[in-house]
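# Per-entry structural report
Here are the chains, one letter per residue:
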Amino acid sequence: MSMELPKRKVALSAAQPTGQLTIGNLFGAIQNWVPLQERYNTIFCVVDLHALTVRQDPQQLRKHILELAAIYLAAGVDPEQSVVFIQSQVHQHAELAWILSTFAQLGELERMTQFKDKAQRHRHNVNAGLFTYPVLMAADILLYGAHVVPVGEDQKQHLELTRDIAIRFNNAFGPVFQVPDPLIQSQGAERVRDLQNPAKKMSKSAESELSKVMLLDDASTVLKKFKKAVTDSLGEIRFDEINQAGVTNLLTIWCAATGKTREEALHHFSHNLYGKLKVETAEAVNVVLDPIRNRYRELMNDPGELERILHKGAEQARERAEHTLVSVMEVLGLPVAHRKVSSRG
Ligand code: TYM
């Protein structure tokens, strides 16, 4: 008789294909996904439907979707261990999002800081999708019974809303959803800041190129951007988010890139000047980015292989998503007989 292995918990995360990724996305999220593959049943999604909340050029979007999937793989996501797929290829996300929108309150959605930020930045296009965006994110997570969701600090509020929606649904209709926990690694960089304006998070949509370090920037560009990073005139290297946000950001990035602790960073840079901190941070980042850039180029040279991986990922995702969606529909009293996979399958 074969012994059944204990079932692994599910870890799920995602990023939007809204342009090239920054080191914020890497150190705040993707880098933390990789070791989870050893312990969890891991699922990583390219959330292209989310990207539509801001107007996209179709050709660019098509390109960015594949590029993002290639970045996942280049950064160490292993398609043999993880399900890697594109959100729009699994129609259950949109279906569950509709259902969950009837469990989210307007007031809750109005409180979302990302909505408030984006509504400010895209005043000409404050569409309903921008508003209900966190509900689609809840669907992404709840469809797969995710136990943990590794994200950067900026997504914590969305995770809390996901939990609230799941709990509300379960209270009304029984324990259908796993209530997920955010996983915000303290060792990683929970919030990488804009190099020119460290009061803000580093964002792929920042206008100034000097504000953000892209994963595919070449080594000399990375060095140039760090050399121009804003610091202060205090001349001391220490962690102080209030008075020395720029220096703190460089130290945080150095820690994330080297895997060293804050104490080790302070020891390493004691008696140093800002110039050295900037150059060494750039060098540490380049050590991490070099193999990613190389693997990325290889993957993009073989689009057939990438598409095969994504096709297989979508099939695996669809099966699991359908299972959950059918359970949800059944408890709500919606007809399911016509759906191919039974929830009890
Ligand atoms: P997105 O695409 O903006 O970012 C992807 C991941 O990168 C993290 N991140 C950062 N971490 C640290 N410092 C930064 N400067 C920084 N910028 C971005 C984000 O926290 C995120 O983990 N709503 C999500 C996408 C999403 C999702 C999901 C995530 C949709 N459905 C389901 C998890 C699970 C977003 O916009 O991420």
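Residues numbered from 1 in each chain as written. Predicted model: local features only at pLDDT ≥ 70, side-chain atom pairs only at ≥ 80, totals over all residues. Heavy atoms only, no water.

## Let's talk about the overall build of the chain
- A count of helical and extended segments in the chain gives 13 helices and five strands.
- Taking 345 residues into account, the globule formula puts the C-alpha radius of gyration at 20 Å, and the chain, at 21 Å, falls close to it.
- Principal-axis analysis of the C-alpha atoms places the extent of the chain at approximately 70 × 50 × 45 Å.
- A total of 345 residues make up the chain; the buried ones form 50% of that total. (Helix = DSSP H or I, 4+ residues; strand = E, 2+ residues; numbered from the N terminus. Rg over C-alpha atoms; globule rule 2.2 N^0.38 Å. Buried < 20%, exposed > 50% of the residue type's maximum accessible area, 1.4 Å probe, protein only.)

## Overview of the nonpolar core
- Core analysis: the biggest nonpolar cluster contains 57 residues, and Ile 23, Leu 26, Phe 27, Tyr 72, Phe 226 and Val 285 have the highest contact counts within it.
- Here this core takes ten residues from helix H12 (residues 274-300), the largest share from any one element.
- No fewer than three residues from each of domain 1 (10-185 + 303-344) and domain 2 (193-298) sit in this core.
- Once you skip the residues sitting within four places of it in the chain, Tyr 72 turns out to touch Ala 14, Ala 15, Ile 30, Trp 33, Phe 44, Cys 45, Val 46, Val 77 and Val 84.
- With 46 residues, the next largest nonpolar core counts Val 10, Ile 43, Leu 96 and Tyr 144 among its residues. (Core = buried A, V, L, I, M, F, W, Y, C linked by side-chain atoms within 4.5 Å. Domains from an automatic or database assignment. Contact = heavy atoms within 4.5 Å.)

## Side note on the pattern of salt bridges
- In total, this model carries 16 salt bridges according to the counting rule given.
- The closest approach of N and O atoms between Glu 67 and Lys 63, which form a salt bridge, is 3.6 Å. Here Glu 67 and its partner Lys 63 are both found in helix H3 (residues 58-74), four residues apart, which amounts to about one turn of the helix.
- Ionic pairing is found between Asp 154 and Lys 201, a salt bridge with its closest N-O pair at 2.7 Å. (Salt bridge = Lys/Arg side-chain N within 4 Å of Asp/Glu carboxyl O.)

## Observations concerning the packing of aromatic side chains
- Across all of its chains, the model carries nine aromatic pairs by this definition.
- Here the aromatic rings of Phe 85 and Tyr 144 are separated by 5.7 Å at their centres, their planes lie at 55 degrees, and the arrangement is tilted. Of this pair, Phe 85 sits in strand E3 (residues 82-86) while Tyr 144 sits in the loop between helix H7 (128-142) and strand E4 (148-150); the two residues are 59 residues apart in sequence, bridging distant segments of the chain. For the pair Phe 85 and Tyr 144, one class covers both residues: buried.
- Seen in terms of ring centroids, Phe 103 and Phe 169 are 4.9 Å apart; in terms of plane orientation they differ by 55 degrees. Their pairing is tilted. Placement of Phe 103 in the loop between helix H4 (92-101) and helix H5 (106-110) and of Phe 169 in helix H8 (residues 156-173) is noted, with a sequence separation of 66 residues between them. By the burial criterion, Phe 103 is buried, and Phe 169 matches it.
- Directly above the ring of Phe 239 sits Arg 262, whose terminal nitrogen or CZ lies 4.2 Å from the centroid. (Phe/Tyr/Trp six-rings, centres within 6.5 Å; stacked < 30°, edge-to-face > 60°. Lys NZ or Arg CZ within 6 Å of the ring centre and 35° of its normal.)

## Observations concerning H7
- Its 15 residues place the ends of H7 21 Å apart at the C-alpha level, agreeing with the 21 Å of an ideal helix rising 1.5 Å per residue.
- Its maximal kink placed at Pro 134, H7 deviates by approximately 40 degrees.
- Judged by how many residues are buried, H7 sits mostly within the fold: twelve of 15 residues are covered.
- Those residues of H7 that sit buried are Leu 130, Phe 131, Tyr 133, Pro 134, Val 135, Leu 136, Met 137, Ala 138, Ala 139, Asp 140, Ile 141 and Leu 142.
- For H7, the N-terminal cap is Asn 127; the gap from its side-chain oxygen to the backbone nitrogen of Gly 129 is 3.0 Å. (Expected span 1.5 Å × (residues − 1). Bend = angle between axes of the 7 residues up to and from the residue. Polar contact = N/O pair within 3.5 Å; in protein donor to acceptor, adjacent residues only side chain to side chain.)

## Observations concerning the domain arrangement of the chain
- Partitioning the chain into structural domains gives domain 1 (10-185 + 303-344) and domain 2 (193-298).
- Distance from the C-alpha centre of domain 1 to the C-alpha centre of domain 2: 29 Å.
- The partner domain 2 presents 20 residues to the 21 residues of domain 1 that form the contact.
- Here domain 1 packs against domain 2, burying approximately 1700 Å² in sum over the two surfaces, 67% of which is carbon and sulfur.
- Our count for the domain 1 to domain 2 interface comes out at one salt bridge.
- Across the domain 1-domain 2 interface, the total number found is seven residue pairs in polar contact (both at pLDDT 80 or more). (Buried area = accessible area lost by both parts, 1.4 Å probe.)

## Here we look at the pairing of strand E2 (residues 41-46)
- In terms of residue burial, E2 counts as a mostly covered element, since five of its six residues are buried.
- Across six bridges, strand E1 (residues 10-15) lies against E2 in parallel orientation. Looking at E2, one finds that Ala 14 is bridged to Cys 45.
- Each parallel crossover has a hand, and the one from E1 via helix H1 (residues 23-36) to E2 is right-handed. (Pairing = 2+ DSSP bridges. Right-handed = clockwise from strand over helix to strand, strands pointing away.)

## With respect to the side chain of Thr 162
- Structurally, Thr 162 is set in helix H8.
- On the basis of relative accessible area, Thr 162 is assigned to the buried category, the value being 0%.
- A distance of 2.9 Å separates a polar side-chain atom of Thr 162 from the backbone oxygen of His 158.
- Apart from the residues within four sequence positions on either side, Thr 162 is in contact with Ala 138, Ile 141, Leu 142 and Pro 180.

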